Amino acid sequence: MQGNLPPEAQEKLEELQDLQETAQQVAAQKQEAETQLTESQTALEELDDIEGDTKMYRQLGELLVETDYDEAEDDLEEKVSSLEVRVDTLEKQEERVQEQFEELQEELQQMLGGGPGGMGGAGGA
């Protein structure tokens, strides 16, 4: 199928495929960050039901280490804040990739079905 396309169109098609792969990666990263954000928000909400002098533990790698209420709360608040920024950044990146994909798709369609001059050699820059 691609063998019949002019080189410019093949290039655009490859760019489209790369953008599609990038979009999938960004979407997966965003989903993971959203899941972590939800879990962290839930844990932070659960702290409201716990008394301040209750023994708590946090996981560090394979270990559980004792922590106090204030430290646990501060850590979770910081994590939630960080994850909110990450999700926001990934949403913006996802939008940019989608816009680039749509623009490139439109260019390819014009190149393939644009009529006279659509595949011309002496065009603009």
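Quick caveat: nothing in here was measured; it's all calculated off a predicted structure.

## Here we look at the overall build of the protein chain
Secondary structure assignment for the protein chain yields two helices and two strands. For the protein chain, the proportion of its 125 residues judged to be buried stands at 22%. Counting contacts in the protein chain only where the partners sit at least 6 residues apart, residues at least 24 apart contribute 65% of the total. As displayed, the protein chain has an accessible area near 9,300 Å², and 44% of this comes from carbon and sulfur atoms.

## Quick notes on a negative patch on the surface
Among the surface-exposed residues, Glu 66, Asp 68, Asp 70, Glu 71, Asp 74, Glu 77 and Glu 78 lie close enough to one another that they form a single negatively charged patch. Residue contributions to the negative patch peak at five residues, all from helix H2 (residues 69–113). For Glu 71, a relative accessible area of 40% corresponds to the partly exposed category.

## Regarding the layout of surface pockets
Considering only enclosed or pocket space, the largest pocket measures out at about 340 Å³ in volume. Looking at the largest pocket, it is lined by 13 residues, and the ones nearest its centre are Tyr 57, Arg 58, Ala 72, Asp 75 and Leu 76. Grouping the amino acids of the lining of the largest pocket by side-chain chemistry returns seven nonpolar, two polar and four charged.

## Side note on the pairing of strand E1 (residues 56–60)
Looking at chain direction, E1 and strand E2 (residues 63–67) are connected through five bridges and run antiparallel. In the strand pairing of E2, Gln 59 is matched with Leu 64. Hairpin connection, E1 to E2: the antiparallel pair is bridged by two residues, and Gly 61 has positive phi, about 65°.

## A few points about the side chain of Ser 40
If you trace the backbone, Ser 40 turns up in helix H1 (residues 7–47). Excluding anything up to four places from it in sequence, Ser 40 contacts Leu 76, Lys 79, Val 80 and Leu 83.

## A word on the pattern of salt bridges
Per the counting criterion, the structure on display carries four salt bridges. A salt bridge links Asp 75 to Arg 58, with the nearest nitrogen and oxygen atoms 2.4 Å apart. In this pair, Asp 75 sits in helix H2 while Arg 58 sits in strand E1, placing the two residues 17 residues apart along the sequence. We classify Asp 75 as partly exposed; its relative accessible area is 27%.

Conventions adopted
- Residues numbered from 1 in each chain as written.
- Predicted model: local features only at pLDDT ≥ 70, side-chain atom pairs only at ≥ 80, totals over all residues.
- Heavy atoms only, no water.
- Helix = DSSP H or I, 4+ residues; strand = E, 2+ residues; numbered from the N terminus.
- Buried < 20%, exposed > 50% of the residue type's maximum accessible area, 1.4 Å probe, protein only.
- Contact = heavy atoms within 4.5 Å.
- Areas by Shrake-Rupley, 256 points an atom, 1.4 Å probe, with all protein chains shown as cover.
- Patch = residues over 30% accessible without salt bridge, like charges linked within 9 Å, V, L, I, M, F, W, Y side chains within 5 Å.
- Salt bridge = Lys/Arg side-chain N within 4 Å of Asp/Glu carboxyl O.
- Lys, Arg positive; Asp, Glu negative; His and termini not counted.
- Charge placed at Lys NZ, Arg CZ, Asp CG, Glu CD.
- 1 Å grid on protein atoms, 1.4 Å probe; cavity = no way out; pocket = protein on both sides within 12 Å on 5 of 7 lines; lining within 4 Å.
- Points joined across faces, edges and corners; volume = space filled by probe spheres on them.
- Nonpolar A, V, L, I, M, F, W, Y, C, P; charged D, E, K, R; others polar.
- Pairing = 2+ DSSP bridges.

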